[in-house]
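So the chains spell out like this:
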Amino acid sequence: MSGTRVSSRGFSHGAAPGRGDWAWHPQLPLKVVPVFVWPPRPRAAIRYLLSRAFLGSVMIPFAALATMTWVWLQPSLERCTVLGLDWILQMYARNLGLMMLVAGGLHLFFYTFRRQGTERKFDARPLNAAPQRFFARSQILDNMLWTCTSGVAIWTAYEVGFMWAYANGLVPFYLDPVAHPVWFVLGFVAVPFVAATHFYGIHRLLHWRPVYRRVHALHHRNDNLGPWSGLSMHPLEHVIYLSSVLVHLVVASHPIHVLFHMQWNTLGSAVTHTGFESLTVRGRPLLLLGSFHHQLHHRFYDCNYGTPFMPCDRWFGTEHDGTAEAMEAVKRRRRAKLAGGVA
């Protein structure tokens, strides 16, 4: 994916003017994923599903991690028939270790050791540019606190509930991968799209003023993103955000799908909030990471409530595709809200 560098005092043609400058952005206007679009584009959809952006950066790494977690790091279902502190703490320690490995590893690589410099970094500012917003005046410590306490705990609680339910036969839709290999694979493919649809709906709720002030504002302290920002949320938001996994109560799934879903929503949030578009080797993108679509949301607040996987923002008129025209549309919506007395 080619992109554009912008000067320190202005935006390149087509970039979104606003508070501060972008150090780098992908080609504009941003495009939605061509899977759930109208009219249908089957060839484009297949190309995307087999691309580095989806197959190489989402499916293979996260499905492999979920499988390894199930095989080597998950307490046996026999142990999970009775709620016990031993196996629950084992799962919490596992998830905490995975978060430290992914978010911590990305932070060390990009921000501590600066192994990629500013190449493909969206925001020109360093992290912690506004320390007064954060606990102990440190964005990193504040983000780590919320992530490693309520974030990992509520992530683990959802997984514990599912494993206990599977162990006791309370989830009737256990998908056997040997008997249904195609549906088993499609279960992985569906997760990012299901999670994206859920995210748009709950994200609009979180931006309702009473909820925003008491809950979601904590996450929006981060208008400049780093890996630890992804799961830095109020505990109630953790409960709401991670609830998309409940779809597996009514759709045939395997416990690996639950692990994949939870890891995509948690570890994946660390990846997509990295602040860099991709991990590069010799200047060429190897693994796609951050989402400029969501970076725009953190900068401008009332746009891009969803993710590029589903065109919900386009459907409901909240899309910001990075262009100056889209920025003007955002301003018009704000003026209309103010004129109508809407919060």
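Residues numbered from 1 in each chain as written. Predicted model: local features only at pLDDT ≥ 70, side-chain atom pairs only at ≥ 80, totals over all residues. Heavy atoms only, no water.

Time to look at the overall build of the protein chain. If you tally the helices and strands in the protein chain, you get 11 helices and 4 strands. By the compact-globule yardstick of 20 Å for 343 residues, the protein chain fits well, its C-alpha radius of gyration being 20 Å. Projected onto the principal axes, the alpha-carbon positions of the protein chain cover approximately 60 × 50 × 50 Å. The burial tally for the protein chain puts 52% of its 343 residues in the buried class. (Helix = DSSP H or I, 4+ residues; strand = E, 2+ residues; numbered from the N terminus. Rg over C-alpha atoms; globule rule 2.2 N^0.38 Å. Buried < 20%, exposed > 50% of the residue type's maximum accessible area, 1.4 Å probe, protein only.)

Here the focus is the packing of aromatic side chains. Tallying each qualifying case throughout the model produces 21 aromatic pairs. Considering the side-chain rings of Phe184 and Phe188, the 5.3 Å spacing of their centres and the 90° angle between planes classify their relative orientation as edge-to-face. Here the residue Phe184 and the residue Phe188 both occupy positions in helix H5 (residues 181-206), the gap between them amounting to 4 residues, near one helical turn. With respect to class, Phe184 is no different from Phe188; both count as buried. Between Phe193 and Phe309, the ring centres sit 5.6 Å apart and the planes meet at 80°, which makes this aromatic pair edge-to-face. With Phe193 in helix H5 and Phe309 in the loop between helix H9 (292-300) and helix H10 (312-315), this residue pair connects regions lying 116 residues apart in the sequence. Accessibility classification places Phe193 together with Phe309 in one group, the buried group. (Phe/Tyr/Trp six-rings, centres within 6.5 Å; stacked < 30°, edge-to-face > 60°.)

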